[in-house]
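Spelled out, the chains give:
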Amino acid sequence: MAHDCGNCSGCSSGCAGCGGCRGALELNAGELEMLDTLARIPFLPVARGVDSGEPVYLESTDATVQEYALILLCLEKKNLVSIDYSTPLKGFSYAGYEKYPVKGSVALTNRGQQVLDLLEKQGIQE
């Protein structure tokens, strides 16, 4: 399933992360916000329908459900987050996620943490 992640080439170079921009990594405002949230809260809840591959994130109303799905899928494609539907958050009620039977979690990858560290040290360039 292909998703439009802005300027991401879709990893046409065949790498495990985003290599289509010759080492550059472009992030939009929504992606930066989600990375910032994961910097503060290491594991966030996600869910999905039985026949859907799109993550559902309901913990913020700063974007629509569809926008958050795209943000998470793009971050996963860039190898910055890991979405794990086999590991729901222990002790989290998943209130509001009742109509999504598959519960899981999202967390930063090692690369995601490295990107956050670089952003903290170097800032953002446009």
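Structure report, in brief. (Residues numbered from 1 in each chain as written. Predicted model: local features only at pLDDT ≥ 70, side-chain atom pairs only at ≥ 80, totals over all residues. Heavy atoms only, no water.)

Time to look at the pairing of strand β3 (residues 102–108). Taking burial as the measure, the seven residues of β3 include six buried ones, the bulk of the element. In this sheet, β3 lies alongside strand β1 (residues 43–48) in antiparallel orientation, the contact comprising six bridges. Residue Pro45 lies in a different strand from β3, and its bridge partner there is Ser105. Across four bridges, the pairing between strand β2 (residues 81–84) and β3 is antiparallel. Opposite Ser82, over in β3, you have Ala107 as the bridge partner. (Buried < 20%, exposed > 50% of the residue type's maximum accessible area, 1.4 Å probe, protein only. Helix = DSSP H or I, 4+ residues; strand = E, 2+ residues; numbered from the N terminus. Pairing = 2+ DSSP bridges.)

What follows concerns helix α2 (residues 65–77). Its 13 residues give α2 an end-to-end C-alpha distance of 18 Å, which sits within 8% of 18 Å, the value for a rise of 1.5 Å per residue. For α2, the full list of buried residues reads Tyr68, Ala69, Ile71, Leu72, Leu73, Cys74 and Leu75. Asn79 occupies a position one or two residues after α2 and carries a positive phi of about 60 degrees. (Expected span 1.5 Å × (residues − 1).)

As for its placement among the helices and strands, Thr109 is situated in the loop between β3 and α3 (110–122). For Thr109, a relative accessible area of 17% corresponds to the buried category. Other than its neighbours up to four places away in sequence, Thr109 contacts Asn79, Leu80, Val81 and Ser82. (Contact = heavy atoms within 4.5 Å.)

As a further point, take the packing of aromatic side chains. Evaluation of the coordinates by the stated rule reveals three aromatic pairs. Here Tyr94 and Tyr97 contribute two aromatic rings whose centre-to-centre distance is 5.6 Å and whose plane-to-plane angle is 75 degrees, an arrangement assigned as edge-to-face. An identical accessibility class is assigned to Tyr94 and Tyr97; each is buried. Each member of the aromatic cluster is reached from another via a ring pair, and the members are Phe92, Tyr94 and Tyr97. Between Arg48 and the ring centre of Tyr85, over which it is positioned, the NZ or CZ distance is 4.7 Å. (Phe/Tyr/Trp six-rings, centres within 6.5 Å; stacked < 30°, edge-to-face > 60°. Lys NZ or Arg CZ within 6 Å of the ring centre and 35° of its normal.)

Taking strand neighbours across the sheet as the criterion, the three strands line up as β1-β3-β2 in an open arrangement whose pairing is antiparallel. The strands lining the two open edges of the sheet, one partner per strand, are β1 and β2. Between one strand and the next, the sheet's axes are offset by a mean angle of 25 degrees, whatever the strand orientation. Contacting β1, β2 and β3, α2 runs over the sheet at an angle of about 115 degrees to β2. (Axes fitted to C-alpha atoms, helices over the stretch in contact; angles between N-to-C directions.)

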